[in-house]
Amino acid sequence: MTSTRRATIAAVLIVVIATAVLLAMGRHPICTCGTIDLWVGGRDSPKTSQMLADWYSFSHLVHGLLFYGALWLVARRWPVAWRLVIALIVEASWEIVENTPMVIDRYRTATAALGYNGDSVLNSVSDIMMMAIGFLIARKLPVWAAVALVIVLELIPLYAIRDNLTLNVWMLLWPSQTVGAWQAAG
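Residues numbered from 1 in each chain as written. Predicted model: local features only at pLDDT ≥ 70, side-chain atom pairs only at ≥ 80, totals over all residues. Heavy atoms only, no water.

A. Examining the overall build of the protein chain more closely. On a plain count of helices and strands, the protein chain comes out with 8 helices and 2 strands. Its helices and strands in sequence order give the protein chain the pattern α-β-β-α-α-α-α-α-α-α, from N to C terminus. For 186 residues, the compact-globule formula gives about 16 Å, and the C-alpha radius of gyration of the protein chain, at 17 Å, lands near that figure. Along the longest, intermediate and shortest principal axes, the C-alpha atoms of the protein chain span 50 × 40 × 30 Å. Counting across all 186 residues of the protein chain, residues that qualify as buried make up 44%. Long-range contacts, defined here as pairs at least 24 residues apart, represent 66% of the contacts in the protein chain between residues at least 6 apart. For the protein chain, the centre of its 13 positive side-chain charges and the centre of its 11 negative side-chain charges are spaced 12 Å apart. (Helix = DSSP H or I, 4+ residues; strand = E, 2+ residues; numbered from the N terminus. Rg over C-alpha atoms; globule rule 2.2 N^0.38 Å. Buried < 20%, exposed > 50% of the residue type's maximum accessible area, 1.4 Å probe, protein only. Contact = heavy atoms within 4.5 Å. Lys, Arg positive; Asp, Glu negative; His and termini not counted. Charge placed at Lys NZ, Arg CZ, Asp CG, Glu CD.)

B. Here's a closer look at the packing of aromatic side chains. Scanning the entire structure with this criterion turns up 5 aromatic pairs. Ring centres of W55 and F58 lie 5.6 Å apart, and the angle between their planes is 15°; this geometry places the pair in the stacked category. The two residues W55 and F58 agree in class, both being buried. Relative to F135, the ring of Y68 has its centre 5.1 Å away and its plane inclined at 75°; by these criteria the two rings are edge-to-face. Here the residue Y68 occupies a position in helix α2 (residues 57-75), and F135 occupies one in helix α5 (residues 121-140), the gap between them amounting to 67 residues. Like Y68, the residue F135 is buried in the burial classification. Grouped by ring-pair contacts, the aromatic residues W39, W55 and F58 constitute a single cluster. Of note, R76 hangs over the ring of W72, and the distance from its end group to the ring centre comes to 3.8 Å. (Phe/Tyr/Trp six-rings, centres within 6.5 Å; stacked < 30°, edge-to-face > 60°. Lys NZ or Arg CZ within 6 Å of the ring centre and 35° of its normal.)

C. Main features of helix α4 (residues 101-110). For α4, the complete set of buried residues consists of V103, I104, Y107 and A110. Here the buried residues of α4 occupy an arc of 155° about the axis, which is enough to place them on one side. Among the exposed residues of α4, those oriented more than 90 degrees off its buried face are P101, M102 and T109. Buried-residue contacts for α4 involve α3 (80-98) and α7 (165-173). (Arc of directions from axis to C-beta.)

D. Structural view of the nonpolar core. Within the largest apolar cluster, 32 residues are counted, with the highest numbers of intra-cluster contacts made by L65, L88, I128, F135 and L153. Listing elements by their share of this core, those giving two or more residues are α1 (3-24), α2, α3, α5 and α6 (143-161). Excluding residues that lie within four positions of it along the chain, L153 makes contacts with F58, L61, V62 and L65. If you look at the next biggest cluster of nonpolar residues, it comprises 6 residues, including V103, Y107, A113 and L172. (Core = buried A, V, L, I, M, F, W, Y, C linked by side-chain atoms within 4.5 Å.)

This is the structure:
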């Protein structure tokens, strides 16, 4: 069995294990509304973080671009397939941690995610796939283009919903009343 084939099997197992853990944690497989939509455009919609994609999907694409860059810096001699496996482990782990009561409560109190109840399993798996897409895009882009793409992927949701990966991390770690007020005014 080739190394790439082993990495592919590992990647699939990571997603399957993350799915099983999220289900065991009591996360809903799909939106409790009973529908599956491709896109949810509202930041504060009860369907946000429940469907296949939403404004926060951009953040997961950025995760992939950043993970590719970081793993290129520290493990560039590893095959790309195995670097992707590491990125998948990190992203899947984040999806599990993000859906714990402690982090859900932190999102509700410190970020623009008013009424956030955690992700559906469908959304979490989609977020993991978005990261993988971002990772694979980064592999093909020159550095300047990857950096430009990160900036664009941060600016679009910043303009549309006054939130993005940068503000999300900032508000989770060091909440700012000024930033919170600005986000709420949008």
